[in-house]
Amino acid sequence: MSLHSALPGSRMLRGRHVVRSTTQGVANTRPQPPRRAPPQSYTLKEIHGSEEHDLLALSSSLKSSTLQPLKGTTTSTTSAVRTSLAPLTSLPDSIRDLFLPPGYPNCVTPDYLSYQLWSMPTHVTGHLSHSLVTSSLLAAVGISASPATTVALSASIKWIIKDGVGALGRLLVGSRFSAEFDEDPRRWRLVAELLSTMGLGLEVATSLYPQSFMLLACSGKFCQALAKGMGKPVFRVIQTHFARAQNVGAVAAKEEVWEVVAQMAGLIASVALLRVLEETGSADGVISAWATIQLMHVVLRYRALRTLLFPTLSTKRAALLAAASVRGRALPGVAEANEEESVFADPWEVQPRVRLGVSAAEAFGGTLPSPRVLQAYVDAYGGEGYVLVWREGTANVLLKEGHEQTDLVRAVWQAAWLDWRTAGGAHSGLATAAGGDGVVGIAAGVPRSEGLRNGNSTGASIGEETEELQLVRASLAALEADFAGFLSGCERAGWEVGVVQMKTGRSRLRVGLLSADREGPPPEG
């Protein structure tokens, strides 16, 4: 289901119906300021796990003190299907039924086959790599490294070393990581591959330094356990992605076929390679062969991951789409955005930089502002599920209790608008945001300071509000005018806007109405 209202260009906000323009982008729009109501007084509490802080009381009592942050913090689809089906037209039905889930290609995503074709050789190279590592371990303890001995004793070596250390590694991964795998599976699968390579390299080194066998072998198994703890949940995410018809069982069963066939090929190749290396009798030959094969393995894994086309909104993909929207450019499709998305970048490193779920202290740079400023921010964001503080080119987002997935996307879009405007977009800065004359009430009288052009608001008071709040109100007006059109454009480009995978911090904001000068329900937390 779409995140925006069934009525195009509209959204229900706090019991009132607000109609928005469906024009995509803001380059040619003149957003009008929201109707200003008399200010209200709020209670403002920050929830972090079992801890609760009254922000207004803290702000009053620590006006000049530094507050320590809390701990923690569719046409294209049809074309792609036809392309993926082309290599299989000449294969017998029995072969297709062996490797492909029932209902292929309509029951899986278009990138399913390309991923499997690139992943299959990685299973072969992975088996070769592990065989060479086992050979090195055996040689390090003085056991013959013949193929027969390798097969007979490799299981014993693995059981002795990996159980305790490996369990610790998996425990660390399971306790530390969770939402990261859903948001950025490509990145974490590659991290797992690199950790596995490091672990295998430590084990191979035992043949060169047999006196440090236990240290190297245990360290290697620990790295591999970390990799396995990351790789398994990411693999499930990828399988679920493939199951377009919710046929996860069928996709998983066929994955076993792909993997077993590749492992059998890898076993045969491993025996042949070990026989050749046995004749040479050189440890250097084993290490060189392992390094070459493992490099090939990592490259193939990377190539397989690059074929994945995720249609859901992660922080990085939402940032790409929002940046295109606020600049008035056509929104990239699923294939284009996935190709442009950086595999190695952290979600907080892309432009615009967005930090979701931070504490109030983190959002304001470690020092809470005055209660008046805090209440002004809450009043400005009364209809939103979050409060965004723009500081030093970064959107610091305080999430309210009960926020929805759409609020995360709205925060990213607003951050993209702020990033573009404060970086010199739209030629005339904040004045342009309010209209050609720049004095419509949102940003009236806001000077385009050098600090603002560099992404740093000075915080100087302008009239009754700080410069940051003037900027906030301008961005909220643009958000009201153009966000519904942005979501509609994303859907037309093939994006599943109803599925949002973004990792957030643990801090939440609880807002309550203390007193009001007008009737109406309190803003929800």
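For every chain, the first residue of the written sequence is number 1, and numbering continues from 1 onward in sequence order. Per-residue local features of the predicted model are confined to residues with pLDDT of at least 70, and side-chain atom pairs are confined, for both listing and counting, to 80 or more; whole-chain, interface and lining totals are unaffected and use all residues. In computing side-chain properties, one takes all heavy atoms of the structure into account and sets aside hydrogens as well as water.

**Overview of the overall build of the protein chain**
Here a strand is any run of E in DSSP of at least two residues, a helix any run of H or I of at least four, and the numbering for each starts at the N terminus. Across its full length, the protein chain holds 18 helices and 12 strands. For the protein chain, the accessible surface area stands at approximately 23700 Å², while carbon and sulfur atoms represent 58% of it. The Shrake-Rupley method, run with a 1.4 Å probe sphere, supplies the accessible areas, and residue values consider only the shown protein chains as cover.

**Digging into the pairing of strand β6 (residues 353-356)**
Within a regular strand, the side chains alternate between the two sheet faces. Think of it in three bands: with a 1.4 Å probe and only protein chains considered, a residue is buried below 20% of the maximum accessible area for its type, exposed above 50%, and partly exposed in between. In β6, alternate side chains face the same way, and those of Val 354 and Leu 356 are buried while those of Arg 353 and Arg 355 on the opposite face are not. Judged from the four bridges that link them, β6 and strand β8 (residues 394-399) form a sheet pairing that is parallel. For Arg 355, the partnering residue across the bridge sits in β8 and is Asn 396. Following DSSP output, two strands are said to pair if at least two bridges run between them.

**Quick word on the sheet that holds β6**
Pairing is mixed across the open sheet formed by three strands, whose spatial order is β6-β8-β7. At either end of the open sheet lies a strand with only one pairing partner, and these are β6 and β7 (386-391). Mean inter-strand twist for the sheet, computed between neighbouring axes without regard to direction, equals 20°. By the bridge criterion, six bridges tie β7 to β8 in an arrangement that is antiparallel. The residue of β8 that forms the bridge with Arg 391 is Thr 394. With axes taken as lines fitted to C-alpha atoms, and helix axes fitted only over the stretch in contact, angles between N-to-C directions fall between 0 and 180 degrees.

**Overview of the packing of aromatic side chains**
Centres within 6.5 Å make a pair out of two Phe, Tyr or Trp rings, where for Trp the six-membered ring is used; the pair is then stacked when the planes are under 30 degrees apart, edge-to-face when over 60, and tilted otherwise. What the rule picks out here adds up to eight aromatic pairs. Chaining the aromatic ring pairs together yields one cluster made of Tyr 112, Tyr 115 and Phe 242. Two conditions define a charge sitting above a ring: the NZ of Lys or the CZ of Arg must be within 6 Å of the ring centre, and it must be within 35 degrees of the ring normal. Here the basic side chain of Arg 355 rests over the ring of Trp 348, its NZ or CZ set 5.6 Å away from the ring centre. Over the ring of Phe 483 we find Arg 410, and its NZ or CZ is 5.0 Å from the ring centre.

**Topic: unusual backbone geometry**
Trans is the prevailing form of peptide bonds, just as negative phi is the prevailing case for residues other than glycine. Residue Pro 352 is reached from Gln 351 by a cis peptide bond, and omega for that bond is 0°. With respect to the helices and strands, the residue Pro 352 is situated in the loop between α12 (334-340) and β6. One non-glycine residue with positive phi stands out, namely Gln 246, at about 60°. Examined against the element boundaries, Gln 246 turns out to sit in the loop between α8 (213-242) and α9 (248-280). Backbone geometry places Glu 392, a non-glycine residue, at a positive phi of 55°. Relative to the helices and strands, Glu 392 resides in the loop between β7 and β8. By relative accessible area, which is 51% here, Glu 392 ends up exposed.

**Focus: the packing of helix α4 (residues 112-140) against α8**
At a minimum axis distance of 14 Å, the contact between α4 and α8 shows a crossing angle of 165°. The orientation of α4 relative to α8 falls into the category roughly antiparallel. Every pair of crossing elements has a handedness; the one defined by α4 and α8 is left-handed. When α4 is examined against α8, the residues Tyr 112, Tyr 115, Gln 116, His 130, Leu 137 and Ala 140 are found in contact with a partner set consisting of Phe 213, Ala 217, Gln 224, Ile 238 and Phe 242. Residues belonging to the contact of α4 with α8 are distributed by class as follows: eight nonpolar, three polar and no charged. Oblique is the label for every angle not falling under 35 degrees (roughly parallel), over 145 degrees (roughly antiparallel), or within 65 to 115 degrees (roughly perpendicular). Helix crossings fall into two classes, left-handed where the near helix is turned counterclockwise from the far one by less than a right angle and right-handed where it is turned clockwise. Contacts were defined at the residue level, with two residues in contact if any of their heavy atoms lie within 4.5 Å. Note on residue categories: nonpolar means Ala, Val, Leu, Ile, Met, Phe, Trp, Tyr, Cys or Pro, charged means Asp, Glu, Lys or Arg, and polar means any other residue, Gly included.

**Notes on helix α18 (residues 467-492)**
Taking 1.5 Å per residue as the helical rise, α18 with its 26 residues ought to reach 38 Å, and the 37 Å between its terminal C-alpha atoms agrees with that figure. Remark: the principal bend of α18, roughly 45°, maps to Asp 482. Within α18, 23 of the 26 residues are buried, leaving the element largely enclosed by the surrounding structure. Residue Gly 494 follows α18 closely and has a positive phi angle near 100°. Here the expected span of a helix is defined as 1.5 Å times the quantity of residues minus one. For a residue, the bend is simply the angle between two axes, fitted respectively to the seven-residue segment ending there and the seven-residue segment starting there.

**With respect to the pattern of salt bridges**
Pairing between side chains of opposite charge can happen when the charged atoms of each approach one another. The rule for a salt bridge is simple: a side-chain nitrogen of Lys or Arg has to be within 4 Å of a carboxyl oxygen of Asp or Glu. As enumerated under the stated definition, the model contains 16 salt bridges in all. The partner of Glu 384 in a salt bridge is Arg 410, and the shortest N-O contact between them spans 2.7 Å. You can see Glu 384 sitting in the loop between α14 (371-380) and β7 and its partner Arg 410 sitting in helix α15 (residues 405-422), a full 26 residues away along the chain. Glu 384 gets classed as buried once you look at its relative accessible area, which sits at 4%. In this structure Arg 410 comes out as buried when scored by relative accessible area, which is 0%. In this structure, a network of salt bridges that share partners links the residues Asp 184, Arg 186, Lys 316, Arg 317 and Glu 341.

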